[in-house]
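# Structural overview for review
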Amino acid sequence: MSRPQQITVLGATGSIGLSTLDVIARHPTRYQVFALSGFTRLSELLALCVRHTPRFAVVPQASAARTLQDDLRAAGLSTRVLVGEDGLCQVASDPEVDAVMAAIVGAAGLRPTLAAVEAGKKILLANKEALVMSGALFMQAVRKSGSVLLPIDSEHNAIFQCMPQDFARGLGAVGVRRILLTASGGPFRQTPMAELAHVTPDQACAHPNWSMGRKISVDSASMMNKGLELIEACWLFDARPSQVEVVIHPQSVIHSLVDYIDGSVLAQLGNPDMRTPIANALAWPERIDSGVAPLDLFAIARLDFQAPDEERFPCLRLARQAAEAGNSAPAMLNAANEVAVAAFLDGRVRYPEIASIIEEVLNLEPVVVVEDLEAVFTADAKARVLAGQWLSRHGR
Ligand code: NAD
Ligand code: MG
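Cut-offs used in this document
- Residues numbered from 1 in each chain as written.
- Chains lettered and ligands numbered in written order.
- Predicted model: local features only at pLDDT ≥ 70, side-chain atom pairs only at ≥ 80, totals over all residues.
- Heavy atoms only, no water.
- Domains from an automatic or database assignment.
- Contact = heavy atoms within 4.5 Å.
- Buried area = accessible area lost by both parts, 1.4 Å probe.
- Salt bridge = Lys/Arg side-chain N within 4 Å of Asp/Glu carboxyl O.
- Polar contact = N/O pair within 3.5 Å; in protein donor to acceptor, adjacent residues only side chain to side chain.
- Helix = DSSP H or I, 4+ residues; strand = E, 2+ residues; numbered from the N terminus.
- Near = heavy atom within 4 Å.
- Areas by Shrake-Rupley, 256 points an atom, 1.4 Å probe, with all protein chains shown as cover.

## Some thoughts on the domain arrangement of the protein chain
Under the domain assignment used here, the protein chain contains domain 1 (5-151) and domain 2 (156-274 + 291-318). Between domain 1 and domain 2, the C-alpha centre-to-centre distance is 26 Å. Counting residues at the interface gives 15 residues for domain 1 and 18 residues for domain 2. Summing both sides of the interface, domain 1 and domain 2 together bury roughly 1400 Å²; the carbon and sulfur share of this comes to 73%. Three residues, K128, V132 and P151, lead the burial of domain 1 against domain 2; their summed loss comes to 43% of the area buried on that side. Between domain 1 and domain 2 we count two salt bridges in total. Across the salt bridge formed by K128 and E229, the nearest N and O atoms sit 2.9 Å from each other. Inspection of the region where domain 1 meets domain 2 yields five residue pairs in polar contact (both at pLDDT 80 or more). Per-element accounting of the side of domain 1 that touches domain 2 gives the leading share, seven residues, to helix α6 (residues 128-145).

## Section: the site of ligand 1
Taken together, 21 residues are adjacent to ligand 1, and T13, S15, I16, E129 and G213 come closest. Within the backbone of F39, one N or O atom sits 3.1 Å away from an oxygen atom of ligand 1. Taking G213, its main chain carries an N or O atom lying 2.8 Å from an oxygen atom of ligand 1. Protein burial of ligand 1: of its 820 Å² of free accessible surface, 88% is covered by the chains.

Put into structure tokens, the structure is as follows:
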């Protein structure tokens with residue numbers, strides 16, 4: 001039998017990271033953990049290292065690295081601890097690595113994910129913000145290195161599974177008319193509009209169907225997550241924003257659909273558990289057990305669909321505008337959203353102000369052409385400054 005595939009998990013202590021390790025542990029002869037990274041929950045990272053014995057672990061600071069290195073030694077492990085973005089890029093591009101799970105949240109994942117792309121790795125892309133920020137440059141880098149890019153986002157993994165067979169061989173989305181991107185509508189789909197000014201971070205994070213990290217949970221409540229996913233879908237599937245329609249489907253059983261010119265509509269269904277798309281991408285084009293229970297259609301009984309209400313979900317409208325504008329607009333949208341969501345989670349802004357902050361940033365800063373990564377980070381930094389100015393002007 002061939003050697004196990006070496007997997008780096010960036011963002012191992014997060015929700016996607018833990019689900020990935022759960023799937024990997026079910027197939028010890030097929031996969032081996034090469035590296036794990038964590039950012040805050042470092043005692044959990046230590047426990048993950050003990051369980052999965054990686055060659056490397058990556059933490060943000062030198063002081064944390066020393067502590068973790070001592071703890072690993074005391075546990076009898078030879079795992080080497082690396083530090084910061086350089087450490088992340090190193091374990092993402094190491095010649096021995098076969099696949100990289102990109103599961104850091106937000107813009108912080110961009111450089112390490114691109115390092116994996118440039119090294120020609122198989123990329124399991126959960127970190128949608130990286131692709132949203134750098135779209136054209138990211139896809140150019142994928143084509144140049146011949147890296148295989150597999151979506152982990154459940155919707156995009158569903159679309160990938162419903163695409164023509166030749167799509168993955170670079171032959172394009174032949175015969176595809178539209179992509180139907182499903183959304184649960186989150187916890188505030190039916191909350192009276194007047195109450196939205198008073199919802200708390202914990203209410204926003206109480207997603208009806210999925211258990212996720214806090215940033216993406218707030219994005220799901222505001223539907224910015226769907227807006228980011230719209231932009232993500234355009235890059236992954238070479239679609240125009242007008243070809244991507246958002247469909248509210250509260251049960252989260254259909255993970256997305258592809259509408260073909262002959263009238264066929266293909267959908268992928270499954271229980272809402274991220275181990276399905278993770279197992280699909282890890283083993284692609286083969287199939288492996290993910291630990292997810294079989295779908296019980298009789299228990300589900302019905303599937304509902306609604307059009308999204310952009311008055312209730314202004315972030316969706318803002319994201320569509322940024323998708324249409326292209327260039328620096330998606331990076332600005334993403335950065336303003338990251339600042340606004342962090343402030344909401346800290347209790348400094350009210351939920352409806354998330355959209356106000358993003359809208360002001362997009363209105364103040366003109367869209368510029370993006371030709372290199374420098375321009376992406378400049379747009380990101382400008383948006384963070386403008387969002388910060390909104391916060392100080394409002395005394396937050
Ligand atoms: P999470 O908050 O649970 O985990 C985030 C991980 O990133 C943690 O390991 C954390 O230590 C690390 N991290 C945070 N900030 C960092 C920084 N500045 N530098 C380095 N590492 C840092 O988030 P999650 O829910 O696992 O989501 C991860 C990514 O996957 C996000 O981009 C999210 O949009 C995407 N995603 C998540 C889900 C889900 O079900 N959770 C579904 C689809 C897509
Ligand atoms: Mg998703």
